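# Fold and contact review
Listed below are the residues making up each chain.
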Amino acid sequence: MADSFVAQSLEEIRFWSRIMKEHSLFLKLGFRCEDTQLIQEANGFYSVFEQIEAKANALPLTTDPQQIRAFNTEVCTAVSHIWVYKRKILGLILTCKLPGGNNFPLLVDHVSREANYFRNRLHELNNGQLEPLPDAIIDENVFFLKIMADHAKFIGHLLDPSERKLVDQARDFSHDFDQLLFQAQDLGSMRPQSQTTPLLTQFLDQNRVSVASLRDFKKTARDLIESCRIKSIIHPLLADHVYREAERFLHLIDLFEQRLAGAPAS
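Below is a summary of the structure that appears in this document. In this text, all values refer to a predicted model and were calculated from it rather than measured experimentally. (Residues numbered from 1 in each chain as written. Predicted model: local features only at pLDDT ≥ 70, side-chain atom pairs only at ≥ 80, totals over all residues. Heavy atoms only, no water.)

We now examine the pattern of salt bridges. Counted under the stated rule, the structure contains 29 salt bridges. For R18, the salt bridge is made with D240, and the minimal N-O distance between the two is 3.9 Å. Of this pair, R18 sits in helix α1 (residues 2–30) while D240 is found in helix α8 (residues 236–261), placing the two residues 222 residues apart along the sequence. R18 gets classed as partly exposed once you look at its relative accessible area, which sits at 30%. For D150, the salt bridge identified is with R113, shortest N-O distance 2.8 Å. You can see D150 sitting in helix α5 (residues 133–158) and its partner R113 sitting in helix α4 (residues 105–127), a full 37 residues away along the chain. A cluster of three or more residues bridged by salt bridges with shared partners is formed by R18, E22, K219, R222, D223, D240 and R244. (Salt bridge = Lys/Arg side-chain N within 4 Å of Asp/Glu carboxyl O. Helix = DSSP H or I, 4+ residues; strand = E, 2+ residues; numbered from the N terminus. Buried < 20%, exposed > 50% of the residue type's maximum accessible area, 1.4 Å probe, protein only.)

Here it is in structure tokens:
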């Protein structure tokens, strides 16, 4: 049990600390040059999460669980601070106090939702209160389907309008994932009656197909951007960032399917 706690904690921190670090960079790139205080804060968060990522990568799986519990608490504090920072930025944008920047309000809300997710995961791990499998399947999919839908919208808006075919593909993915999100929310509202193994299996199978397709689209876009073969204002690191999050979602679907296959029939 202790080994599982350490492994899960380090896996979450290794993945999400890198994501938080990159969020700091992306937000900074979207500010105006005169937004010096916000840029300075972004640089500070980048440094904080770079150090957290390095520490998580250096810690072995044999680390004492109490040390990991303390590390989780330390990371949780840092994540809470960047969440506050992100919500502050969103407030400034929505009240027109930060005009002319390149950070979409939805993007700022998106990155703050990911920070809140990360923070909640650390709380759950430290408190030993992970959700039961049927609830986790629905709730994790609701979260990640929204993330994937957002990604499709960002890609569509950041590609050059002349890249008509890719823009159309991004819009199609946006629509597809909006529909999958609505279906997941419907399944969630039907709980607990909807939490049968056949329904959850079909739910995961359907999502897997769409996520794999979006992942492949993101990989193609990333490769084209890195080789300067398409027109866009997408930072190459952002292209890789959204690709890694799709890979993360597919990994979770794999884990859920494995656990569901071992669960008693409903």
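Of note, R208 is situated in helix α7 (residues 197–226). Among the residues examined, R208 registers a relative accessible area of 25% and is labelled partly exposed. With 121 residues separating them in the primary sequence, R208 and R87 have C-alpha atoms 31 Å apart.

Turning next to the packing of aromatic side chains. Following the criterion strictly, the structure yields ten aromatic pairs and no others. Judged by centre distance (6.5 Å) and plane angle (40°), the ring pair of W16 and F144 falls under tilted. One end of the pair, W16, is in helix α1; the other, F144, is in helix α5, with 128 residues separating them in the sequence. Like F144, W16 is buried. Centre to centre, the rings of F144 and F249 are 5.2 Å apart; their planes meet at 20°, and the pair counts as stacked. (Phe/Tyr/Trp six-rings, centres within 6.5 Å; stacked < 30°, edge-to-face > 60°.)

Our next topic: the nonpolar core. In terms of nonpolar packing, the biggest core is built from 82 residues, with W16, Y85, I89 and F177 touching the most fellow members. Every element with two or more residues in this core is listed here: α1, α2 (36–58), α3 (65–94), α4, α5, α6 (164–189), α7 and α8. If sequence neighbours within four positions are ignored, I89 has contacts with L27, F31, L38, L98 and V108. (Core = buried A, V, L, I, M, F, W, Y, C linked by side-chain atoms within 4.5 Å. Contact = heavy atoms within 4.5 Å.)

Checked against the element boundaries, R215 lands in helix α7. The spatial distance from the C-alpha of R215 to the C-alpha of E247 is 6.8 Å, given a sequence separation of 32 residues. A polar contact is formed between the side chain of R215 and the side chain of D216, at a distance of 2.7 Å. (Polar contact = N/O pair within 3.5 Å; in protein donor to acceptor, adjacent residues only side chain to side chain.)

Right, let's talk about the state of the cysteines for a bit. For the structure shown, the criterion picks out zero disulfides. Free cysteine C33: the closest other cysteine sulfur is in C96, separated by 20 Å. (Disulfide = S-S within 2.5 Å.)

What follows covers the side chain of N207. Residue position: N207 is located in helix α7. With residues near it in sequence (within four places) discarded, N207 still touches N141, L145, L180 and I253.

A word on α7. With 30 residues, α7 extends 42 Å between its outermost C-alpha atoms, agreeing within 8% with the 44 Å of an ideal straight helix rising 1.5 Å per residue. One or two residues past the end of α7 sits C228, with phi positive at roughly 60°. (Expected span 1.5 Å × (residues − 1).)

A negative phi angle is the norm for most residues apart from glycine, just as the trans form is the norm for most peptide bonds. Residue P192 is reached from R191 by a cis peptide bond, and omega for that bond is 0°. Phi is positive for C96, which is not a glycine, with a value near 60°. Mapped onto the fold, C96 is located in the loop between α3 and α4. Not every positive phi belongs to a glycine, and C228 is a case in point at roughly 60°. You can see C228 is positioned in the loop between α7 and α8.

What follows is about α2. A rise of 1.5 Å per residue sets the reference length of α2, with its 23 residues, at 33 Å; its end C-alpha atoms lie 33 Å apart and thus fit the reference within 8%. Turning to α2, its buried residues are L38, A42, F45, F49, I52, E53 and A56.

Another point: the side chain of N141. Assignment of secondary structure puts N141 in helix α5. With a relative accessible area of 0%, N141 lands in the buried category. Look past the residues within four positions of N141 in its chain and what remains in contact with it is A136, F203, L204, N207, F249, I253 and F256.

The N-to-C vectors of α5 and α8 enclose an angle of 160°; their axes lie 11 Å apart at closest approach. Taken as axis vectors, α5 and α8 run roughly antiparallel relative to one another. Crossing of α5 against α8: the hand is left-handed. From α5, L133, A136, I137, E140, N141, F144, L145, I147, M148, H151, I155 and L158 reach across to α8, where they touch L238, V242, E245, A246, R248, F249, L252, I253, F256, R259 and L260. (Axes fitted to C-alpha atoms, helices over the stretch in contact; angles between N-to-C directions. Parallel < 35°, antiparallel > 145°, perpendicular 65-115°, else oblique. Left-handed = near helix turned anticlockwise from the far one by under 90°.)

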